[in-house]
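# Examining the three-dimensional arrangement
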Amino acid sequence: MEASPLKGKEQEQEENDDGEWNGGRDVAVEEADTFDIPPKGASIERLRRWRQAVLVLNASRRFRYTLDLKQEEEKERIRRKIRAHAQVIRAAFLFKEAGERHISKTELPAVLPRGFGIGDEQLTSMTRDHNYSALQDYGGVKGVANLLKTNIDKGITGDDADLVSRRNAFGSNTYPHKKGKSFWVFLWEACQDLTLIILMVAAALSLALGIKTEGIKEGWYDGGSIAFAVFLVIVVTATSDYKQSLQFKHLNEEKQNIHVEVIRSGKRLSVSIFDLVVGDAVPLKIGDQVPADGLLISGQSLAIDESSMTGESKIVHKDQKSPFLMSGCKVADGYGTMLVTAVGMNTEWGLLMATISEDNGEETPLQVRLNGVATMIGMVGLAVAGAVLVVLMARYFTGKTTNADGTVQYIKGQTSVKSAIDGVIKIFTVAVTIVVVAVPEGLPLAVTLTLAYSMRKMMADKALVRRLSACETMGSATTICSDKTGTLTLNQMTVVEAYVGEKDVAGASNADSLSGTVNSLLVEGIAQNSTGSVYEPENGGAIEITGSPTEKAILGWGVELKMRFDEVRSKSSIIHASPFNSEKKCGGVAVRMGDSDVRVHWKGAAEIILDLCTSWIDASGAKHDMAPHVVKFKKQIEDMAAKSLRCVALAYKPLDLKEVPNEEERDNWPLPENDLILLAIVGMKDPCRPGVKDAVLLCTNAGVKVRMVTGDNLQTAKAIALECGILSENERADDFIIEGKVFRALTDEQKEQAAEKIKVMARSSPNDKLQLVKALKKRGHVVAVTGDGTNDAPALHEADIGLAMGIQGTEVAKESSDIIILDDNFASVVKVVRWGRSVYANIQKFIQFQLTVNVAALIINVVAAISSGNVPLNAVQLLWVNLIMDTLGALALATEPPTDSLMKRTPVGRREPLITNIMWRNLVIQALFQVAVLLTLNFNGRSLLQLNNYPMTKANKIKNTFIFNTFVLCQVFNEFNARKPDELNIFDGVTKNHLFMGIIGITVVLQAIIIEFLGKFTSTTRLSWQLWLVSIGIGFVSWPLAFLGKFIPVPETPLVDLICKCCPKRRKAGGKSAEGGATSDLV
């Protein structure tokens, strides 16, 4: 028997643990930047390093969506415990069984479930303990099926009453999920921000002092307003985080909702794994997940990978002597049908899943890079806040700080202790608030916000994201290695040409031209050598065919040949099988008719089967030698392939029963594949998907090269590639098209050179796909790969982005993937690229907006503090600015939908700085404008605003209110600029983003309410309509300023490279520093 395809995957995984399988991604950890992790397979040590280096004010919130390293260790401990528990039970049972000479008949319970002959506990115990003796006592698999009222051929009846009674008797195939965090937990986590705690303490002290000195009526405003502002920040933050968690919970439920095939009333149906019931008959094939505990009814070469339950990388072969199947395991090879005997919490898998909570934790490279950026900015902010604190304290206690009316705030020996403490608290509050604004705590969380939004929207675009990092990595993809069948084509195959000898027998009208012998051989080979099925309703309704598209097409042709599926299969029995896999590209069965006749039927790629044939039969049944006619048959195959038809051949070989090994030796019997007799060559048409040519062109224009990797022959692959636009008419040269066997014969260096040019790889094996991916990655490409088979798992895992097919994909392929394409459509893959670029672009928009606010707010307060001892923006005002900047800003900018312009850019480089030269230009222009205007107003505001006639206290209050109002309105106008950092029209598509418009509207309305009605809380005063107009006018200037600024050219070389050219020594030293990665991200 052939080696299991999962064996290769295990070996690859072991290599990966040594750091070689992933192309050395995680090698030389010490040399890597602290805030730089690979998109896949980061070591625990690297994940721990960036956590230790990051500056965090609220760890519970910042690390909420990262991998919980302690929890991962706890999960593994629980897994080992449950596995050990199950193995101990089995070992004890086997020991007991061996010690008993006479085993009494297994007794059925006194009270049985209504309508069934066996109880829930007996089934669970037998299956969990793998109790073969009890199974025999119940009459074997057939006996258990009878007790469960299941027909092993037709399954259960499956009507509503039957399903309800089975769920009541044996439970449902679900397990209790741990409750997600409630809103109150998120509220509590938001309260744990260190700066907010300090502000609350300061607010409490200010409140106490204010009430004591001024009385409760007037004295509570200062402290109360800070407390209210902090509470508002906490509530908005918690609400935003809670909504994100609900989105992730919904996506997790989608990921767990696997669809499985069941046989009910003789018909194959696709149902949710949660709808499975005890007694169901479930067909299994290579790559499937075993959906519940059960018994093997029948199977051929069935091998199960039980590593997910036992912890051992061992493939277990299943047959009638070892029929027990465990939920959660994978089918490594072969096929079969199982009887479900235990579901949900009655299975070890259910217990395991209920014990281990589903964790959303997974840091992405962008998230970690932003933590580095936040740390660098935070350090600057802490330094500035410290400087402001020292300067203000020094000025206060040296008597250089004055009140609004011009009186000195502190006079040594005259100012009371209460007043001094109150003054110190106010200074300290301002310094802490500067830290709140300066440390962009929401910056890394903006990634999570945009990813959660993107993932939800991508579901509507038929893409289910399994790994968060895939969203952002897809924006950097430079090449897509796509399957042909079902991805570029419709996956709706039909037989359009079929030849027996030289005679075209496609279509029902030509079926009668075949002799009875040939027809009998054909329908036998079609019916028995198939994993599909044909359902013929008893009432004479339409025939339903199930199986893979290829199987359905050939079975459909069999129906045209007047094949009665069930009748043909009942006339002979399969004694051994060699299941089809993508390495061999063929599959066969040995069937026995009567007592002595055995025939081996093979089906597979036409040229491969043809090479195995030494003779052929014509439509009349006459047998001919192959040698003189082999060229003719090859021409037949080439002609069909040139029409973009998939060519499959059917052949057989008669055997004597004496040539067949006995049942014990049959498991390792290689089916004879020499001296075959060619029966037929079939050509199947699978049309290109509508719109696939446009999708390929869109990728090409976006700098993403599409390559087709297919198992079809060279001519078919070439024809489809031309039709899809992957190849153009002038690209038919051998440089662009290669066969798998030619590629695998190249040296590693030759593979790299060839990979760069290859557009089509035909007759490829999964290992060829893996080698192509590795070669492309060595050339510096960011590779996305589509795959559907079990053997595609290594390539999907190795690729930067693995895309599994949702319809045709096996569970093994899906588990190895990062994103599941739900409709198997290449156009959906292109949409994922679009969303990937959108994630990156949205984060950049938010960074530009937030840093502008950071820079402006810090410079204004520092300069004002040092020069005059007073700051124009107080604690409450800064908290409101922080809310606009952090949570509301992230909501508005991080949820921008993707635009067509994204696909006109080249892919984002892996090491491209987060802040581009264009962003630096925009940021500097806006920050300088805001700082210049607001500092001018701070120092000359009274005369500029014509406030000299007002008392000094009133004039200063109006001036500071005007500065605050203008500053906020500048951010509102600048939010529009941030939407389009590199486009002149910043309003394009703005009305379609309802969330953005809503947040802008809410911000403006709340700002008006704060100025006009909440003066006592925010230390502001009402402004005249003229001053409102001036504020709006100043904010409006940022639009034409941004427009003109975009005409200023910027160098293409990133700022960090320009700096490094000037300071080469600094570059060498800086590369090894802990903040090296963060610095390069900044510039």
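To keep things clear, this report deals only with the structure shown in the data block. (Residues numbered from 1 in each chain as written. Predicted model: local features only at pLDDT ≥ 70, side-chain atom pairs only at ≥ 80, totals over all residues. Heavy atoms only, no water.)

Moving on: the nonpolar core. Ranked by size, the top nonpolar core spans 155 residues in total, and within it Ile726, Ile801, Ile819, Phe826, Ile847 and Phe967 carry the most contacts. In terms of residues, this core owes the most to one element, helix H31 (residues 826–868), which gives 20 residues. Isoleucine 801 has contacts with Ala470, Thr473, Met474, Ala477, Val782, Val783, Ala784, Val785, Asp818 and Ile819, leaving out every residue within four places of it along the chain. Counting 40 residues, the second-largest nonpolar core is a separate cluster that includes Met126, Ala281, Val282 and Val343. (Core = buried A, V, L, I, M, F, W, Y, C linked by side-chain atoms within 4.5 Å. Buried < 20%, exposed > 50% of the residue type's maximum accessible area, 1.4 Å probe, protein only. Helix = DSSP H or I, 4+ residues; strand = E, 2+ residues; numbered from the N terminus. Contact = heavy atoms within 4.5 Å.)

On to a negative patch on the surface, then. A cluster of acidic residues, Glu663, Glu664, Glu665 and Asp667, forms a negative patch at the surface. Along the polypeptide, glutamate 664 turns up in the loop between strand S19 (645–656) and strand S20 (676–685). A relative accessible area of 60% places glutamate 664 in the exposed class. (Patch = residues over 30% accessible without salt bridge, like charges linked within 9 Å, V, L, I, M, F, W, Y side chains within 5 Å. Areas by Shrake-Rupley, 256 points an atom, 1.4 Å probe, with all protein chains shown as cover. Salt bridge = Lys/Arg side-chain N within 4 Å of Asp/Glu carboxyl O. Lys, Arg positive; Asp, Glu negative; His and termini not counted. Charge placed at Lys NZ, Arg CZ, Asp CG, Glu CD.)

Contact geometry for H31 and helix H33 (residues 917–944): axes closest at 9 Å, N-to-C directions at 30°. When the axes of H31 and H33 are compared, the pair comes out roughly parallel. Like other packed secondary-structure pairs, H31 and H33 cross with a definite hand, here right-handed. For the pair H31 and H33, contact is made by Gln844, Ile847, Gln848, Leu851, Thr852, Val855, Ala856, Ile859, Ile860, Val863, Ala864 and Ser867 and by Met919, Asn922, Leu923, Gln926, Ala927, Gln930, Val931, Leu934, Leu935, Asn938 and Phe939, respectively. Here the contact of H31 with H33 is composed, by residue class, of 15 nonpolar, eight polar and no charged. (Axes fitted to C-alpha atoms, helices over the stretch in contact; angles between N-to-C directions. Parallel < 35°, antiparallel > 145°, perpendicular 65-115°, else oblique. Left-handed = near helix turned anticlockwise from the far one by under 90°. Nonpolar A, V, L, I, M, F, W, Y, C, P; charged D, E, K, R; others polar.)

Before going further, it helps to spend a moment on the pattern of salt bridges. Throughout the structure, instances matching the rule amount to 28 salt bridges. For glutamate 815, the salt bridge is made with lysine 330, and the minimal N-O distance between the two is 3.2 Å. On the criterion of sequence distance, the pair formed by glutamate 815 in helix H30 (residues 811–816) and lysine 330 in strand S7 (residues 330–342) is long-range, its members being 485 residues apart. One salt bridge in this structure joins arginine 905 and aspartate 982, with 3.6 Å as the shortest N-O distance.

Inspection of every chain in the model, using the stated rule, returns 15 aromatic pairs. Measuring from centroid to centroid gives 5.5 Å for phenylalanine 1043 and phenylalanine 1047, while their planes differ by 70°, and the two rings are edge-to-face. With relative accessibility at 37%, the residue phenylalanine 1043 sits in the partly exposed group. Here the aromatic cluster, defined as three or more aromatic residues joined through ring pairs, consists of Phe973, Phe976, Phe987, Phe996, Phe1036 and Trp1039. Sitting above the plane of the phenylalanine 633 ring, lysine 632 keeps its charged end 5.2 Å from the centroid. (Phe/Tyr/Trp six-rings, centres within 6.5 Å; stacked < 30°, edge-to-face > 60°. Lys NZ or Arg CZ within 6 Å of the ring centre and 35° of its normal.)

Moving on, we come to helix H5 (residues 120–128). Of the positions making up H5, those classed as buried are Gln122, Leu123, Thr124, Met126 and Thr127. Directly after H5, the chain includes histidine 130, whose backbone phi takes a positive value near 50°.

Note that every value here comes from positions in space, so none of it alone points to a role or purpose.
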